[in-house]
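Notes for the structure review
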Amino acid sequence: MSPTPIVEVAAAVLTQPNGRVLLAQRPPGKVYAGYWEFPGGKVEPGETLEAALARELHEELGIVVTRPCRWITRVFDYPHATVRLNFFRVFEWEGEPHPHEGQVFSWQQPDAVEVVPLLPANFPILKALSLPPVLGISHAESLGVDTFLARLDIALHNGLRLIQLRDKTLPDEARLPLARETVRRARPHGARVLVNGSLELARAAGADGVHLDAAAAARLTTRPDCDWVGVSCHNAAELAHATAIEADFALLSPVLPTRTHPGAATLGWSAFSVLAAASPIPVFGLGGLERGDVALAQSHGAHGVALLRGAWT
């Protein structure tokens with residue numbers, strides 16, 4: 001038997017400044033009628049993904065896309081077809097979205113969707129969209145614990161909502177109290193904390209999950225049993241393995257030269273863009289980036305940026 005052909009689809013995550021995303025209900029007469037999905041449609045022969053996205057959004061919503069950012073790619077097997085969903089984040093457009101083809105639309109918060117039923121392929125997408133655009137990597141080893149915690153409070157007040165507790169040179173007897181205190185301070189702000197290290201340490205701290213370096217991830221064949229899993233990656237093979245163990249996101253580095261490794265080889269934005277677009281899980285850029293580089297990183301396919309020193313200054 002010949003393999004099932006893959007249907008290429010350009011899918012749009014229209015995103016408002018408050019984080020809400022647009023979902024569309026499939027109209028009567030279509031497969032999965034009544035289910036909710038992200039707007040978009042099939043890529044025509046000879047059409048680029050960007051052209052397909054622009055055409056579909058103009059036909060469906062009557063808008064002109066002005067800032068589409070390539071995001072992730074997921075292949076999903078439905079009973080009737082195998083679909084490759086090429087996702088774009090769309091942050092800017094001209095016109096007010098309104099139905100041109102009889103659909104019903106609804107703006108929803110990714111972590112509190114109120115419309116049902118959802119197409120099965122969209123559950124991991126909505127979880128990914130609940131990730132904020134900035135991830136802060138703890139720096140208590142260099143700053144000192146007290147200074148770090150004081151800067152953590154400021155960062156949380158200023159909107160930081162995702163933290164990786166790294167500081168791996170600290171002994172466990174010091175890391176556990178630091179992790180617990182980080183979690184305690186993060187909770188009132190709704191911020192998530194992932195511990196870089198063992199699942200046992202993360203659980204003891206009451207953290208939201210674990211972050212794995214590439215070597216630790218390589219030793220696993222299944223996902224750690226926790227709500228959130230991040231993986232540090234440096235190439236396509238490591239990204240593929242992060243996907244295979246069902247990680248929720250990856251950090252991809254180094255994008256640009258850093259102060260700590262000024263002569264080290266870097267990916268550069270060109271290679272980063274290719275890897276991020278092909279990834280089924282969202283990718284944060286790490287290395288040589290600052291808080292003000294979020295939009296730049298997103299224009300190259302990143303979900304956002306991960307910051308070490310820059311998160312605490």
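Below: a short report on this structure. Only a predicted model underlies this, so the values are computations on that prediction, with no experimental measurement involved.

**Re the overall build of the chain**
Helix and strand content of the chain: ten helices and 15 strands. The C-alpha atoms of the chain give a radius of gyration of 20 Å, which matches the 20 Å a tight globule of 313 residues would have. In terms of its C-alpha atoms, the chain occupies a principal-axis envelope of roughly 60 × 40 × 35 Å. Among the 313 residues that make up the chain, the fraction classed as buried is 49%. For the chain, the proportion of contacts with a sequence separation of at least 24, taken over those separated by at least 6, is 62%. By element, 55% of the accessible surface of the chain is carried by carbon and sulfur atoms, the whole surface being about 14,400 Å². For the chain, the centre of its 27 positive side-chain charges and the centre of its 32 negative side-chain charges are spaced 4 Å apart.

**Digging into the sheet that holds strand β10 (residues 192-196)**
Strand order in the closed barrel formed by eight strands is β8-β9-β10-β11-β12-β13-β14-β15, and the pairing between neighbours is parallel. Averaged over neighbouring strand pairs, the angle between their axes works out to 25° when direction is ignored. Note that strand β14 (residues 283-286) and strand β15 (residues 304-307) share three bridges and pair parallel. The residue of β15 that forms the bridge with L286 is A306. Sitting on the sheet, helix α8 (residues 236-244) touches β12 (228-233), β13 (249-252) and β14, and the angle it makes with β12 is about 165°.

**Notes on the sheet that holds strand β5 (residues 64-77)**
If you walk across this open sheet you meet the four strands as β4-β1-β6-β5, and the pairing is mixed. Across the chains shown, the open sheet's two edge strands, defined by having one partner strand only, are β4 (40-42) and β5. Taken pair by pair, the neighbouring strands of this sheet meet at an average axis angle of 20°, ignoring direction. Where strand β1 (residues 6-14) meets strand β6 (residues 82-94), nine bridges bridge the pair, whose relative direction is parallel. Bridging across to β6, L14 finds its partner in V90. Strands β1, β4, β5 and β6 of the sheet are contacted by helix α1 (residues 49-61), whose axis makes an angle of about 65° with β1.

**Overview of helix α4 (residues 145-157)**
Residue pairs spaced three or four apart in an α-helix point in one direction, given the helix's 3.6 residues per turn. Here α4 spans 18 Å end to end across 13 residues, near enough to the 18 Å set by a 1.5 Å rise per residue. Taken together, the buried positions of α4 are occupied by F148, L149, L152, A155 and L156. Buried residues of α4, viewed axially, fall in a sector of 120°; they line one side. For α4, exposure combined with an orientation more than 90 degrees from the buried face picks out D146, I154 and H157. Looking at the buried residues of α4, the elements they touch are α3 (140-143), β9 (162-165) and α5 (172-186). G159 lies just past α4 and shows a positive phi near 115°.

**Some words on the packing of aromatic side chains**
The full count for this structure, using the stated rule, is nine aromatic pairs. Centroid distance W71 to F87: 6.1 Å. Interplanar angle 85°. Geometry classified as edge-to-face. Of this pair, W71 sits in strand β5 while F87 sits in strand β6, and the two are 16 residues apart along the sequence. Given a relative accessible area of 1%, F87 falls into the buried group. Ring geometry for F76 and Y78: centres 4.7 Å apart, planes at 55°, overall tilted. Look at Y78 and you get buried, because its relative accessible area is 11%. Through a chain of ring-to-ring contacts, three or more aromatic side chains come together here, namely Y32, Y35, F76 and Y78. Across the ring face of F88, the terminal group of R70 is positioned such that the distance to the ring centre comes to 5.3 Å. In this arrangement the basic side chain of K127 is found over the ring face of W228, its NZ or CZ atom lying 4.5 Å from the centre.

**Considering the pairing of β9**
Both faces of β9 are covered, namely the face carrying L162 and Q164 and the face carrying I163 and L165. Strand direction decides the pairing type here: strand β8 (residues 134-137) and β9, joined by two bridges, are parallel. Bridging from a neighbouring strand, I137 pairs with Q164 of β9. For β9 and β10, the ladder comprises four bridges, and the chain directions are parallel.

**Topic: the state of the cysteines**
Counted by the stated rule, this structure contains zero disulfides. C226 takes part in no disulfide bond, and the closest cysteine sulfur, belonging to C233, lies 16 Å away.

**Points about α1**
Look at α1: 17 Å from first C-alpha to last across 13 residues, which is about the 18 Å you get at 1.5 Å a residue. Among the structural elements, β1, β2 (21-25), β4, β5, β6 and β7 (104-108) are those in contact with the buried residues of α1. Taken from the residues just after α1, G62 is the one with a positive phi, measuring 70°.

What counts, and at which threshold
Residues numbered from 1 in each chain as written. Predicted model: local features only at pLDDT ≥ 70, side-chain atom pairs only at ≥ 80, totals over all residues. Heavy atoms only, no water. Helix = DSSP H or I, 4+ residues; strand = E, 2+ residues; numbered from the N terminus. Rg over C-alpha atoms; globule rule 2.2 N^0.38 Å. Buried < 20%, exposed > 50% of the residue type's maximum accessible area, 1.4 Å probe, protein only. Contact = heavy atoms within 4.5 Å. Areas by Shrake-Rupley, 256 points an atom, 1.4 Å probe, with all protein chains shown as cover. Lys, Arg positive; Asp, Glu negative; His and termini not counted. Charge placed at Lys NZ, Arg CZ, Asp CG, Glu CD. Pairing = 2+ DSSP bridges. Axes fitted to C-alpha atoms, helices over the stretch in contact; angles between N-to-C directions. Expected span 1.5 Å × (residues − 1). Arc of directions from axis to C-beta. Phe/Tyr/Trp six-rings, centres within 6.5 Å; stacked < 30°, edge-to-face > 60°. Lys NZ or Arg CZ within 6 Å of the ring centre and 35° of its normal. Disulfide = S-S within 2.5 Å.

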